[in-house]
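Understanding the architecture of this molecule
Each chain is listed here by its residues.
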Amino acid sequence: MTNQTFEQLKKTYESGRTRPLAWRRAQLNALRRLVTENRDAFVSSAMADLGKPAAETVLMELNLVAGEAQFVRNRLSLWTARHPKAMHWMLQPAAGWTIAEPKGVVLIISPWNYPVLLALEPMADALAAGNAVCLKPSELSPNTSKLLAELVPQYLDSEAVRVVEGGPKETGELLKCPFNHIFYTGGGHVGKIVMRAAAEHLTPVTLELGGKSPCLVDRTANLKLAARRIVFGKFLNCGQTCVAPDYIYCDPEIKEALVAELRRQITRQYGKEPLKNRNYGKIINEKHFDRINSLIDPAKTVCGGGSNRETLQIEPTVLDNVTFEDPVMQQEIFGPVLPVLTYDSLGGAVAKINSMAHPLALYIFTEDEKNAREVTSRCGFGGGCINDVLIHLATSNMGFGG
């Protein structure tokens, strides 16, 4: 079945159907309508899969997809035009130019944590480039996956855009097909599987894989501002965000004051009993619920730590006196647990971060421009912010994932 889907998409692409700008614009317009006309359905599916409140789904998923579709639509003429290039004098009177061409048939494997955004935003870009698209949504968000499978053929060209539901078996079958590009968002383990499969066909890949994204706070930082924004970004979607601050790395002089502000902000944003807050979601499944709970050291918990297995909820939790040897620092947390560590010097912090795996995001809170410049210029990372978190994803003018 998956091979038949690929062959149909290949046939459509080779027919030239997806190349005209009129077709691309029509698909992008339809994609906007898909998310705007079915707002309530997407809100309900995200609530069923992740316990997401309506405002979060609309702001962090639907609006971003609609905005991306409009952004790329408005720039198609410029991006697809010939771009003249100067020729060496020895080649005169030759003329040279570059043009952007479609890749062909693109496979998008999307994750469960932002099941609309991370499925349809890459699709907008692939369609804008004139490709045929196969979307494989995550089986861990079944309600949204089913909704996408129902709606996509109603709005988009069903000969050029297909949705394949299923689990690892279906994904494995798709990866055997010679796609022209694979776009995968998720964890590093599956990322390696995707890359190995792609190598068999020399298929180029785009991988957005998360990691332990640091959040540095130096002694000059505005701690109230830092705490408010860190709490928002860390516990949004219960910490199940690939660019969420994974841990705080701060100056020891301000640690106690920062932890106190974090505790105040958690109460302010989620109440004294977060698990009773209707706007606080849940962990995706029992496997991840147990994994995240196992990372919480009661002896180092200074805020939160409670959980409810029936609802798969874990309180916003802050851990203090954490070291890089602790279990919570051995893997990406991807949940509502925030370890706080201290550094001896900012230069030492930079060196430590660079000794670890390349993070998807990095954040620094500081009032010292020199410190901000040192960290952002010396550390390798995908994307990030100075004195904020997450919001670099909200602009289409910057690359997906950094």
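Here's what I pulled together on the structure shown here. It should be emphasised that the depicted structure is a prediction, and the values quoted were computed from it without experimental measurement. (Residues numbered from 1 in each chain as written. Predicted model: local features only at pLDDT ≥ 70, side-chain atom pairs only at ≥ 80, totals over all residues. Heavy atoms only, no water.)

**Some thoughts on the pattern of salt bridges**
To keep it simple, the criterion reads: A pairing counts as a salt bridge when a side-chain nitrogen of Lys or Arg comes within 4 Å of a carboxyl oxygen of Asp or Glu. Helix and strand definitions follow DSSP, with helices as H or I runs of at least four residues and strands as E runs of at least two, each counted in order from the N terminus. Partly exposed residues are those whose accessible area sits between 20% and 50% of the maximum for their type, while under 20% is buried and over 50% is exposed, using a 1.4 Å probe and protein chains only.
Per the counting criterion, the structure on display carries 17 salt bridges. With a closest N to O distance of 3.8 Å, Arg 309 and Glu 286 form a salt bridge. Taken together, the residues Arg 309 in the loop between strand S11 (307-308) and strand S12 (313-314) and Glu 286 in helix H12 (residues 286-294) connect sequence positions 23 residues apart. On the accessibility criterion, Arg 309 (42% relative accessible area) is partly exposed. When salt bridges that share partners are traced, they join Arg 219, Asp 251 and Glu 253 into one network.

**Quick notes on the sheet that holds strand S4 (residues 132-136)**
Put simply, the rule is: Any two strands with at least two DSSP-identified bridges between them are counted as paired. Think of each axis as a best-fit line through the C-alpha atoms, taken over the contacting stretch in the case of a helix, with angles from 0 to 180 degrees between the N-to-C directions.
Strand order in the open sheet made by the five strands is S5-S4-S3-S6-S7, with parallel pairing throughout. What marks the edges here is a single partner per strand, and that holds for strand S5 (161-163) and strand S7 (205-208). Across the sheet, the axes of successive neighbouring strands diverge by a mean angle of 10°, strand direction being ignored. Two elements, S4 and S5, share three bridges in a ladder whose sense is parallel. Directly across from Cys 134, in S5, lies its bridge partner Arg 162.

**Overview of the packing of aromatic side chains**
Put simply, the test is: A pair of aromatic rings is counted whenever rings of Phe, Tyr or Trp (Trp by its six-membered ring) have centres within 6.5 Å, and the orientation is called stacked for planes under 30 degrees apart, edge-to-face for over 60 and tilted otherwise.
Inspection of the entire model under this criterion finds nine aromatic pairs. Considering the side-chain rings of Phe 6 and Phe 179, the 5.0 Å spacing of their centres and the 70° angle between planes classify their relative orientation as edge-to-face. Taken as a pair, Phe 6 in helix H1 (residues 2-14) and Phe 179 in the loop between helix H8 (168-175) and strand S6 (181-185) lie far apart in primary sequence, 173 residues in all. Assessed through its relative accessible area of 3%, Phe 6 is described here as buried. By relative accessible area, which is 2% here, Phe 179 ends up buried. Ring plane angle 85° and centroid distance 6.1 Å describe the contact between Tyr 247 and Phe 324, whose orientation is recorded as edge-to-face. Linking Tyr 247 in strand S9 (residues 247-250) with Phe 324 in the loop between strand S13 (317-319) and strand S14 (337-342), this pair joins segments that are 77 residues apart in sequence.

**What to know about the packing of helix H2 (residues 21-37) against helix H4 (residues 54-74)**
Put simply, the test is: Between 65 and 115 degrees an angle is taken as roughly perpendicular, under 35 as roughly parallel, over 145 as roughly antiparallel, and anywhere else as oblique. The sense of a crossing depends on the near helix, which, turned anticlockwise from the far helix by less than a right angle, makes the crossing left-handed and, turned clockwise, makes it right-handed. The contact criterion used throughout is that any non-hydrogen atoms of two residues lie within 4.5 Å.
It is at 9 Å that the axes of H2 and H4 come closest, and there the two elements cross at 165°. Taken together, H2 and H4 sit at an angle that is classed as roughly antiparallel. For the pair H2 and H4, the crossing hand works out as left-handed. Between H2, through Arg 25, Leu 28, Asn 29, Leu 31, Arg 32 and Val 35, and H4, the contact on the second element is made entirely by Leu 62, Val 65, Ala 66, Gly 67, Ala 69, Gln 70, Val 72 and Arg 73.

By themselves, these observations are geometric and do not establish any function.
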